[in-house]
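The primary structure of each chain is shown beneath.
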Amino acid sequence: MYIKPFAVEEWMNAYETGARYNIAETCCDSVSLDTLFALTGEDKARFFAELSARRLTYGDIVGSDALRSGICKLYKTLRPHEVVPTHGAAGANYHVFCSLVSPRDRVVSIMPTYQQLYSIPEALGADVQILHLRQENDYLPDLDELRRLVTPDTKLICINNPNNPTGALMSEDLLLKIVDIARSADAYILCDEVYRHLTQQDGWSASIVDLYEKGISVSSMSKVFSLAGLRMGWIATHDKAALAAFLSHRDYNLISCGVLDDAVASLALSHADAMLARNRALVRENLQILDDWIAAQPHFYYTKPQAGTTALVYYDFPIPSYEFCKRLYDETGAFVTPGDCFEQPQSMRIGYACNKPSLHDGLAALAAFAKSL
């Protein structure tokens, strides 16, 4: 099966480990196990004693009760048997497409977004139609355009909320309007929700699973819970036919997730409030740093993110984004992601949820580089 190169991941793979100031990372500042136990107040010695005594079998094929119950608390209507644990959200998205999409099925996806949401169904032979998100509309879907793209034979609508790379956030009202469009075609909605709960304002973040009987939520422990090293994600849906397909395909390409990852994820999820409080404070304080920086820079502009950990920042220099970001990296050590990875020229994605010294230093390096131009 041919699939287009994954532009953003290839860029990250090539340069991330050598960066001096990494402001391309999209996870909330990652935690160590020591920090996790400090945040949760759990007994580390007892946890590891119990973990060390476990035999390393496949574990619970469907995921432990603690894991699935912890995931369900992030939703309003979800039940444990409606959760399918996966190897990260990347594995979850891939699993959904391979389980549900056949050649010539119509799939409607947005752009910009994480490339999986359009390149995987395209590689599977689907009829992929792109709904372009525009800055003048705050990167929110144009419902009239969506109605034109969704035909009676549409199998799946793919959205990303909050959006990567723009940080746009669809309201519950907007999601319900998208649900109405999907329901008219009896189409599934796959919503990549890996940044859900990381909002700039207090309040509940609606999930597609709680709004639509054929909604499919994908998320993970990576972005919101600062635990990307676990490679633990999940698919959540009420739809029985979709669940049956996910479980059938799991036997071919997943079997189960690791018992060590399951145990640590379950611990974090049992203290989700503490983890979310830490990371909401981080993204709110750091976005203010970025916003103040943008206001002071004559060559950069953006639509301020409403949620998530990333911002799409435009510049007015006549330099392609790959060249701009590579020169920035070579000359200063500051690492950002070219907008062309998302088919958004003259821009870059900045991840602002890193630790504050890295953000300050990276932005200072970026300002100095712009001044040199």
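Residues numbered from 1 in each chain as written. Predicted model: local features only at pLDDT ≥ 70, side-chain atom pairs only at ≥ 80, totals over all residues. Heavy atoms only, no water.

### Structural notes on the sheet that holds strand E2 (residues 83-86)
The condition that has to hold: When DSSP finds two or more bridges between a pair of strands, those strands are recorded as paired. Note on conventions: DSSP H or I runs of at least 4 residues are helices, E runs of at least 2 residues are strands, and numbering of each starts at the N terminus. Between N-to-C directions, angles cover 0 to 180 degrees, with each direction set by a line fitted to C-alpha atoms, over the stretch in contact for helices. Any two residues whose heavy atoms approach within 4.5 Å at even a single point are treated as in contact.
An order of E2-E8-E7-E6-E5-E3-E4 is seen for the 7 strands of this open sheet, with the pairing classed as mixed. Strands with a single pairing partner mark the edges of an open sheet, and in this sheet they are E2 and strand E4 (127-132). The mean angle between the axes of side-by-side strands here comes to 20°, regardless of whether they run parallel or antiparallel. Here strand E3 (residues 106-111) pairs with strand E5 (residues 154-160) via 4 bridges, running parallel. Along E5, the bridge assignment pairs Ser109 with Cys158. Together, E3, E4, E5 and strand E6 (188-192) form the strand contacts of helix H6 (residues 116-123), whose direction differs from that of E3 by roughly 150°. Contacting E2, E6, strand E7 (215-220) and strand E8 (233-237), helix H9 (residues 240-253) runs over the sheet at an angle of about 150° to E8.

### Concerning the pairing of E2
Applied cut-off: Only protein chains enter the accessibility calculation, which uses a 1.4 Å probe. A residue is then buried if its area is under 20% of the maximum for its type, exposed if over 50%, and partly exposed in between.
Of the two faces of E2, the one holding Val83 and Pro85 and the one holding Val84 and Thr86 are both buried throughout. One ladder, built from 4 bridges, connects E2 with E8; its direction is antiparallel. Note on E8: the bridge partner recorded for Pro85 is Trp234.

### Concerning the pairing of strand E13 (residues 347-351)
Of all 5 residues in E13, 5 are buried; the element is thus mostly enclosed. Burial along E13 is two-sided: Ser347, Arg349 and Gly351 facing one way and Met348 and Ile350 facing the other are all buried. Both strand E10 (residues 310-315) and E13 contribute to a ladder of 5 bridges, which runs antiparallel. Pairing of Leu312 across the sheet is with Arg349, part of E13.

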